[in-house]
Amino acid sequence: MNRTLRAYIDLLRLQFFFAWILLFSSGYLLATTLYPGFSLVGLIRAALIGFFGFEAGLVLNDYVDRDYDKKDVESGGLTKYWRVFGTRPLSVGLIPARSALAIFVLLAGIATCLILTLPYPNSLYVFGIMVCCYALEVFYQVKKRHQTVPVAQIVGRIDFALFPVAGYLCLGSPDILALLYFLFFYPFALAHLGANDAIDLENDRARGMNTPTTLYGLKGTATWIAAFTVIHAVMAIVFAVRLGWIARAGFLIGLVLLARANFVIAKNKTPAAALAVLPLFHLTMLIYAVSIALDSVV
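Here's a quick rundown of the structure. What you see is a predicted model, and the numbers here were worked out from it, not measured in a lab.

Right, let's talk about the packing of helix 2 (residues 17-31) against helix 13 (residues 271-297) for a bit. Contact geometry of helix 2 with helix 13 gives a least axis separation of 8 Å together with a crossing angle of 35°. In the packing of helix 2 onto helix 13, the handedness of the crossing is left-handed. From helix 2, Phe18, Ala19, Trp20, Leu22, Leu23, Ser26, Leu29 and Leu30 reach across to helix 13, where they touch Met285, Leu286, Ala289, Val290, Ile292, Ala293, Ser296 and Val297. Looking at the contact of helix 2 with helix 13 residue by residue, the class counts come to 14 nonpolar, two polar and no charged.

Spelled out as structure tokens, the structure:
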């Protein structure tokens, strides 16, 4: 395969493309339980908005952090997990920064064009969330370079929690169900981020990044992950009250997987242990998305 093509695949993390589509679409399908107007065209449009919008965010992430990523001392681990060819193409010069910026603008522009085909005020809701998420991503990348408490993580990961809510707002309105989805997913996003930070400890130290792991150590990060997992479990119960048996079953399976991941991280307290259970976080997310989607249509 062409080296440049491999670099763009790594930039876009294309092997995970289906995850963003499923997560965003789960929000859209959840909205159909309360709001009329479902259509296959609408679902495909929502899926494409989620895909292009999230991919743009991934490129923005690399663009903002391109100089700091040059300081990486460990090229396996998290980099290899997220990028099938194991490269950070901007920091190693495989893709020029201006090209990455152009790709971000292109992808965000396509998402915007699709959003503008939504009825008003849904188009305004979703576009507003997209802009907010990109601003939060930049804040997260910049703030964690100089902080004494993990403000960047607490504030920055609001963007990931808003992502399925944006899918909901493609059809629905801001309501209690959208809020519950956000409150359910936000602590999961923070627990997941804690696992990422534990894995990337050496690189973050080399970059001078202040994450929960560089600030509080691996023991403190295990506590961080456990605390947000407990909050997530409580919100899963609250959210599940408004959902059907398929979603409830999915939540139960996901919480069991998260409990296993927490056990391994707390027992070993090493980057390798966090990397070993990182797939459990992603499998949990997929189970949540699929179970919410199926619960909404069955």
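From this point, the discussion proceeds with the structure in view.
Time to look at the environment of lysine 219. Mapping lysine 219 onto the fold places it in helix 11 (residues 212-240). Overall, the relative accessible area of 62% leaves lysine 219 in the exposed class. Counting along the chain gives 21 residues from lysine 219 to alanine 198, while the straight-line C-alpha distance between them is 9.6 Å.

Nonpolar side chains in soluble globular proteins tend to be buried together. The biggest cluster of nonpolar side chains holds 92 residues, and the ones touching the most others in it are Trp20, Phe185, Phe239, Phe251 and Phe281. A total of 15 residues in this core trace back to one element, the largest contributor, which is helix 9 (residues 176-199). When residues no more than four places from it in sequence are discounted, the contact partners of phenylalanine 239 are Leu30, Leu177, Leu180, Tyr181, Phe184, Phe251 and Ile292.

What follows deals with the packing of helix 2 against helix 9. Close contact between helix 2 and helix 9 brings their axes to 11 Å; oriented N to C, the two are set at 150°. Classed by the angle they form, the pair helix 2 and helix 9 counts as roughly antiparallel. The hand of the helix 2/helix 9 crossing is right-handed. Together, Leu23, Ser26, Gly27 and Leu30 of helix 2 and Leu177, Tyr181 and Phe185 of helix 9 make up the contact between the two elements. Residues of the contact of helix 2 with helix 9, tallied by class, amount to five nonpolar, two polar and no charged.

Looking now at helix 13. Compared with an ideal rise of 1.5 Å per residue, which puts 27 residues at 39 Å, helix 13 spans 40 Å between its outermost C-alpha atoms and is within 8% of the ideal. Along its length, helix 13 shows its largest kink, about 35°, at valine 277, and proline proline 279 lies within four residues downstream of that point.

Checked against the element boundaries, aspartate 295 lands in helix 13. Despite its burial, aspartate 295 pairs with no opposite charge; the closest candidate is arginine 248, at 7.1 Å N-O. Of note is the side chain of aspartate 295, whose polar atom sits 3.3 Å from the backbone nitrogen of isoleucine 246. Apart from residues no more than four positions distant in its own chain, aspartate 295 is found in contact with Leu243, Gly244, Trp245, Ile246 and Ala247.

A word on the environment of tyrosine 35. One can find tyrosine 35 in the loop between helix 2 and helix 3 (40-64). Here tyrosine 35 is in contact with Tyr168, Leu171, Gly172, Ser173 and Asp175, once residues within four sequence places are set aside. In terms of polar contacts, tyrosine 35 uses its side chain to reach the side chain of aspartate 175, at 2.6 Å.

Within the structure shown, the criterion is met by 25 aromatic pairs. Judged by centre distance (4.6 Å) and plane angle (15°), the rings of phenylalanine 184 and phenylalanine 251 are stacked. Here phenylalanine 184, found in helix 9, pairs with phenylalanine 251, found in helix 12 (residues 245-268); they are 67 residues apart in sequence, far enough to count as distant. One cation-aromatic arrangement involves arginine 6 over phenylalanine 85; the distance from NZ or CZ to the ring centre is 5.8 Å. Geometry around tyrosine 63 places arginine 66 over its ring, the cationic atom sitting 4.1 Å from the centre.

Our next topic: the pattern of salt bridges. All chains considered together, the criterion is met by 14 salt bridges. A salt bridge links lysine 70 to aspartate 67, with the shortest nitrogen-to-oxygen separation between them at 3.5 Å. With relative accessibility at 53%, the residue lysine 70 sits in the exposed group. A salt bridge links glutamate 202 to arginine 205; its shortest N-O distance comes to 3.3 Å. Of the two residues, glutamate 202 and arginine 205 are both situated in helix 10 (residues 201-207); the distance of three residues between them amounts to about one turn of the helix. Residue classification places glutamate 202 among the partly exposed positions, given a relative accessible area of 43%. Take arginine 205: its relative accessible area is 52%, and that puts it in the exposed class. Three or more residues are tied together by salt bridges with common partners; here these are Asp69, Asp72, Arg88, Asp200, Asp204 and Arg207.

Reading guide: rules and limits
Residues numbered from 1 in each chain as written. Predicted model: local features only at pLDDT ≥ 70, side-chain atom pairs only at ≥ 80, totals over all residues. Heavy atoms only, no water. Axes fitted to C-alpha atoms, helices over the stretch in contact; angles between N-to-C directions. Helix = DSSP H or I, 4+ residues; strand = E, 2+ residues; numbered from the N terminus. Left-handed = near helix turned anticlockwise from the far one by under 90°. Contact = heavy atoms within 4.5 Å. Nonpolar A, V, L, I, M, F, W, Y, C, P; charged D, E, K, R; others polar. Buried < 20%, exposed > 50% of the residue type's maximum accessible area, 1.4 Å probe, protein only. Core = buried A, V, L, I, M, F, W, Y, C linked by side-chain atoms within 4.5 Å. Parallel < 35°, antiparallel > 145°, perpendicular 65-115°, else oblique. Expected span 1.5 Å × (residues − 1). Bend = angle between axes of the 7 residues up to and from the residue. Lys, Arg positive; Asp, Glu negative; His and termini not counted. Salt bridge = Lys/Arg side-chain N within 4 Å of Asp/Glu carboxyl O. Polar contact = N/O pair within 3.5 Å; in protein donor to acceptor, adjacent residues only side chain to side chain. Phe/Tyr/Trp six-rings, centres within 6.5 Å; stacked < 30°, edge-to-face > 60°. Lys NZ or Arg CZ within 6 Å of the ring centre and 35° of its normal.

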